[in-house]
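Chain by chain, the residues:
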Amino acid sequence: PITITMKLKLQFAIIALVTFSLTSNAQVSKNEVVARQWIENHANELKIKPTDAFKLSFVYNGLAGETLRFQQMMNDVPVYQSEIVVNFNPSNELVYTSDSYDDSIQNIVTTPSISKEAALVASKESLKFTYDYTVVENNLFVTKVNHQTKLVYRVITNTVIGNGSWEVLVDAQ
């Protein structure tokens, strides 16, 4: 039989799921087409390769206008700290662009040969953790390491007691 406690837990889970669904919508912008056209028109200047892809990862609307961030992607894996930013004023006129796009990233296989769990263990061993910690992030990225394009796990951990945060890139191959 279903108890009152079970009913309350089920209702809470449904409310949480609905709330999450409403707040985690994909990023959209009426200026995306214009921004992508600007990127395409400046592809040679930016040294964008035909194999490069960009995903709209962030949209911010404020008093000064709208900012769109396009994350560089390789086979659906984000390229670490590589993006193109396009800004529009309140009249929706493109007024500013910036980029941290990395044109030196080479096309590589983006299927990891180690698991997320193995990356976490490697991170913990390299930091010589002897205390409790929480995992903030453990995600795949493509990046440059010693002038070579690599697939890595970016593992971010925090200490449970005190102040401390560590970022470790673990070779996913």
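Residues numbered from 1 in each chain as written. Predicted model: local features only at pLDDT ≥ 70, side-chain atom pairs only at ≥ 80, totals over all residues. Heavy atoms only, no water.

K.L.:
Can you tell me about the pairing of strand E7 (residues 165-171), naming the residues and giving the values?
P.N.:
By the bridge criterion, seven bridges tie strand E6 (residues 148-159) to E7 in an arrangement that is antiparallel. Across the sheet, the residue bridging to Val155 is Val168, located in E7. Remark: five residues form the turn of the hairpin made by E6 and E7, two consecutive strands paired antiparallel; Gly162 in that turn has positive phi of roughly 85°. (Pairing = 2+ DSSP bridges. Helix = DSSP H or I, 4+ residues; strand = E, 2+ residues; numbered from the N terminus.)

K.L.:
Can you lay out unusual backbone geometry for me, pointing to particular residues and giving the numbers?
P.N.:
A positive phi angle is found at Asn75, which is not glycine, with a value near 50°. The topology assignment puts Asn75 in the loop between strand E2 (65-74) and strand E3 (77-88). Unusually for a residue other than glycine, Asp76 sits at a positive phi of about 70°. Relative to the helices and strands, Asp76 resides in the loop between E2 and E3.

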